[in-house]
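Coordinate inspection notes
Take a look at the letters that make up each chain.
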Amino acid sequence: GQMATFDSPRGRWFIRAAAFIAAYLFLSQSFYPQWRELQALAWRGVVSSGRVTAKEPMNHQSIRYVFDVGANQYAGSGPTGKGGIPEFARITVGDVIPVTYVRDKPWISWPGNPRQEFYEVSLFLFVLLPAACLLLAALAPRALQGFRDRPSESGLRKLWRTLTRQ
């Protein structure tokens, strides 16, 4: 077979594949652990009741809560307005709310029903993020070509000129 270079079709496909894998691995790192916890909660979660201990308007309008499992008390935090939890404005400290937790790991918990959040994070992680990475990967050979052809230009200007073919 012929040698793969940046200019050959095989070389461009290699660049695209490498760009997709690198972008997806980098961008999915921060969401994957949350997805694993939500998966455990959605599939094996046990529902209990908890009490709201704080409202956090500056943290995505989330709440903090406590709940008991046997003789132990656990604390958690999460969003409002989904999974059967009222909107932020309608919640008061002291309100009793449903809490879902993982039986063998009760420190993993979620206010209300975690299924909607699990589906939303799954959609993002396995559909929207890969689609964005595919777009990035499709543009990668052209971007690299521009960096090679115009070494003196600044990075962002060069990238913009390359992608818009100016």
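Conventions adopted
Residues numbered from 1 in each chain as written. Predicted model: local features only at pLDDT ≥ 70, side-chain atom pairs only at ≥ 80, totals over all residues. Heavy atoms only, no water. Phe/Tyr/Trp six-rings, centres within 6.5 Å; stacked < 30°, edge-to-face > 60°. Helix = DSSP H or I, 4+ residues; strand = E, 2+ residues; numbered from the N terminus. Buried < 20%, exposed > 50% of the residue type's maximum accessible area, 1.4 Å probe, protein only. Lys NZ or Arg CZ within 6 Å of the ring centre and 35° of its normal.

1. Quick notes on the packing of aromatic side chains
Evaluated as defined, the whole model comprises ten aromatic pairs. Arranged with centres 6.0 Å apart and planes meeting at 5°, the rings of Phe20 and Tyr24 form a pair that is stacked. Linking Phe20 with Tyr24, this pair stays in helix α1 (residues 9–28), spanning four residues, or about one helical turn. Judged by its relative accessible area of 17%, Tyr24 is buried. Geometrically, the ring pair formed by Phe118 and Tyr119 is tilted, given 5.8 Å between the ring centres and 50° between the ring planes. You can call Tyr119 exposed: its relative accessible area is 53%. An aromatic cluster of at least three residues, connected via ring pairs, comprises Tyr32, Trp35, Trp43, Phe118, Tyr119 and Phe126. One Lys or Arg, Arg16, reaches over the ring of Trp13 and ends 4.8 Å from the middle of that ring.

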